[in-house]
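Structural description and commentary
Chain by chain, the residues run as shown.
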Amino acid sequence: RRGEMAKSTQLIDNEVFRAYATYTAIVLLKMMLMSLITAYFRITRKAFVNPEDTASFGKGESAKKYLRTDADVERVRRGHLNDLENIVPFVGIGLLYALSGPELSTALLHFRIFTGARILHTFAYLIPLPQPGRGLSWAVGYSVTFSMAYKVLKTAWLL
Amino acid sequence: RRGEMAKSTQLIDNEVFRAYATYTAIVLLKMMLMSLITAYFRITRKAFVNPEDTASFGKGESAKKYLRTDADVERVRRGHLNDLENIVPFVGIGLLYALSGPELSTALLHFRIFTGARILHTFAYLIPLPQPGRGLSWAVGYSVTFSMAYKVLKTAWLL
Amino acid sequence: RRGEMAKSTQLIDNEVFRAYATYTAIVLLKMMLMSLITAYFRITRKAFVNPEDTASFGKGESAKKYLRTDADVERVRRGHLNDLENIVPFVGIGLLYALSGPELSTALLHFRIFTGARILHTFAYLIPLPQPGRGLSWAVGYSVTFSMAYKVLKTAWLL
């Protein structure tokens, strides 16, 4: 059993895979950060959605007024959903791409541009920057994932 | 280092894994397409959610009227969220399934039915087709993922 | 080709990977269950969002009144979205963690606590339990994913 274990964990010795692991962990942690920012705005803006979350503000009408939407909270939530919509394809397609045998330098280029674009996208959404700041950073990340998908389909194609 | 790299990238030589990679790339690209369809409807229906997105329509009240929800935009967004809810489990469980040593023909059957069902689901949602068109296509994809999860748990079970 | 296939599928013989596969399948199935609970509440509360879903209740105004939001349906949907936001990072980072060569006992501790926390979170959301029940179960799952990300970055770091 020992030999097999060693063999399996060697994937992490592959440099492209290590790069994939590093950037995937970074973008997923960035996505997780959106939960904390949402919580921060919910608490500072006193804008909640679940009645049980306002219980500490008292009972009845005094607590009920905190069950409301807030523009800043909704903005962070849209950024979070946009992350899910874009980071999920990156993680899934990126794994297949990392296993499809790309050059390390090409792979790093893809991972770095995607990660940079998504971090820019978050700033563009939360500050917010005037358009096309957010639109362009979204499009760059989208294109990187598309480019990786092309390589995956070219290498692995079996329908 | 070279030998290990070669070893790791051999996963892509496994036919079941190649099939998994092909269909996963296809369904993730299909999911990504929902972003473009949402953008298309937002622009043609002039229905935006972020004030900075309407800045090109002028200032003040003239731009504010485009901050509104539109039935078609919301429909695409629901389809997109449904994709996230169903394609994420497929990608995660499908990877484990592909590594659990299924027959190629059985694996292809699972991947093809899921992919077909999700493409049908998108058409059923966007046209929209009368029910139970959308419900059935959803249920077929759901059942395929369930069937793969059963095989994964039977093969890998270690609690 | 046979030899390579055997080699690739050996990942599933790695005990840490088997544990990862088991807990990932469980939490993804739990997430998929949220779709069924949403459907159950939509049907029993007669609260739908798509006009084509209410066609069986008759035409015109008699069906239109079922196009409405319901507090219970919205609660399940929030729980489902929270699952997506938290289980996606677990599945992605957990895979890299499982391949980074952790001790089996340490890995099992991570996977078990995360899975237990997310099951508790669902109960806390749906019953609902008074806070900080839901908040704590969320924070525990979040911390586990964070701990795995730390191990991944420490092992794989290649920027």
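Residues numbered from 1 in each chain as written. Chains lettered and ligands numbered in written order. Predicted model: local features only at pLDDT ≥ 70, side-chain atom pairs only at ≥ 80, totals over all residues. Heavy atoms only, no water.

For chain A, an unreviewed UniProt entry supplies the name Microsomal glutathione S-transferase 1 and the organism Eulacestoma nigropectus.

Attention now moves to the interface of chain A and chain C. Taken together, the contact pairs 40 residues of chain A with 38 residues of chain C. Note on chain A versus chain C: buried area summed over both sides is about 3300 Å², and carbon and sulfur give 69% of it. For the interface between chain A and chain C, the tally reads three salt bridges. A salt bridge links Arg 75 of chain C to Glu 52 of chain A, with the nearest nitrogen and oxygen atoms 2.8 Å apart. Applying the counting rule to chain A against chain C returns 11 residue pairs in polar contact (both at pLDDT 80 or more). When its residues are assigned to classes, the side of chain A that touches chain C shows 24 nonpolar, seven polar and nine charged. (Contact = heavy atoms within 4.5 Å. Buried area = accessible area lost by both parts, 1.4 Å probe. Salt bridge = Lys/Arg side-chain N within 4 Å of Asp/Glu carboxyl O. Polar contact = N/O pair within 3.5 Å; in protein donor to acceptor, adjacent residues only side chain to side chain. Nonpolar A, V, L, I, M, F, W, Y, C, P; charged D, E, K, R; others polar.)

Every contact between the two is made by 40 residues of chain C and, on the other side, 38 residues of chain B. Connecting chain C to chain B are three salt bridges. Its salt-bridge partner being Glu 52 of chain C, residue Arg 134 of chain B comes within 3.4 Å of it at the nearest N-O pair. Remark: the boundary between chain C and chain B carries 11 residue pairs in polar contact (both at pLDDT 80 or more). When residues of the side of chain C that touches chain B are traced back to their parent elements, those giving at least two are helix 1 (2-9), helix 2 (15-44), helix 4 (71-98) and helix 5 (104-126) of chain C. Here the side of chain C that touches chain B gets 18 residues from one element, more than from any other, and that element is helix 2 of chain C. A breakdown of the residues in the side of chain C that touches chain B according to their chemical character gives 24 nonpolar, seven polar and nine charged. (Helix = DSSP H or I, 4+ residues; strand = E, 2+ residues; numbered from the N terminus.)

Summed over the entire model, instances satisfying the criterion amount to 21 salt bridges over all chains. A salt bridge links Asp 53 of chain C to Arg 134 of chain B; the nearest nitrogen and oxygen atoms lie 2.9 Å apart. Residue Asp 53 of chain C is located in the loop between helix 2 and helix 3 (61-64), and its partner Arg 134 of chain B is located in helix 6 (residues 133-156); the two belong to separate chains. Neither Asp 53 of chain C nor Arg 134 of chain B differs from the other in exposure class; each is buried. Salt bridges sharing partners connect three or more residues here, namely Glu 52 and Asp 53 of chain A together with Arg 75 and Arg 134 of chain C. (Buried < 20%, exposed > 50% of the residue type's maximum accessible area, 1.4 Å probe, protein only.)

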